[in-house]
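Breakdown of the fold
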Amino acid sequence: LTPSRVLDTRNGIGAPLARVGQAPLEVQLFGRGGVPTGSVSGVMLNVTADAATAGTFVTVYPGGSDRPNASNLNLMTGQTLANMVLARLGPDGTAMMFNNSGVVDLIADVVGYFTD
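What comes next concerns the included structure. (Residues numbered from 1 in each chain as written. Predicted model: local features only at pLDDT ≥ 70, side-chain atom pairs only at ≥ 80, totals over all residues. Heavy atoms only, no water.)

1. As for the overall build of the protein
When you go through the protein residue by residue, the secondary structure sums to zero helices and eight strands. Listed N to C, the secondary structure of the protein is β-β-β-β-β-β-β-β in terms of helices and strands. The C-alpha atoms of the protein give 13 Å as radius of gyration, which agrees with the globular expectation for 116 residues (13 Å, within 12%). Considering only C-alpha atoms, the protein reaches an extent of 40 × 25 × 20 Å along its principal axes. Counting only contacts in the protein whose residues sit at least 6 apart along the sequence, the fraction spanning at least 24 positions is 76%. When the accessible surface of the protein is summed, it comes to about 5,400 Å², and 52% of that surface belongs to carbon and sulfur atoms. Across the protein, the mean location of the 6 positive side-chain charges is 4 Å away from that of the 8 negative side-chain charges. (Helix = DSSP H or I, 4+ residues; strand = E, 2+ residues; numbered from the N terminus. Rg over C-alpha atoms; globule rule 2.2 N^0.38 Å. Contact = heavy atoms within 4.5 Å. Areas by Shrake-Rupley, 256 points an atom, 1.4 Å probe, with all protein chains shown as cover. Lys, Arg positive; Asp, Glu negative; His and termini not counted. Charge placed at Lys NZ, Arg CZ, Asp CG, Glu CD.)

2. Structural notes on the sheet that holds strand 3 (residues 40–50)
Reading across the sheet, the four strands line up as 1-8-3-6 and stay open at both edges, with antiparallel pairing between neighbours. Since the sheet does not close on itself, it has two edges, and those belong to strand 1 (4–8) and strand 6 (81–88), each with one partner. For this sheet the average axis-to-axis angle between neighbouring strands, irrespective of direction, equals 30 degrees. (Pairing = 2+ DSSP bridges. Axes fitted to C-alpha atoms, helices over the stretch in contact; angles between N-to-C directions.)

So, in structure tokens, the structure goes:
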């Protein structure tokens, strides 16, 4: 896909305009950024965490499932970091994003998807 912004908590794209604390953030991918609704099992995202207020990690995982004990980004205080993430989607087309410590802005651009 042509990269398309599906989440930016700095300006309210795909989620409320608010920095992300420790509550999981649900991101709908079906029907957004060129991702079709239905038979999509996963997406390729460029995920960026911006201006972390504490050393933290960010985990991306399927909506409706338990958070795994793994991370996709690992940040130090004040750092901005991006990483390519292959993320499985929940049956409803959602991915969850979890920030472990402090607050951070999250940005995600979808660049591809995988079908069932």
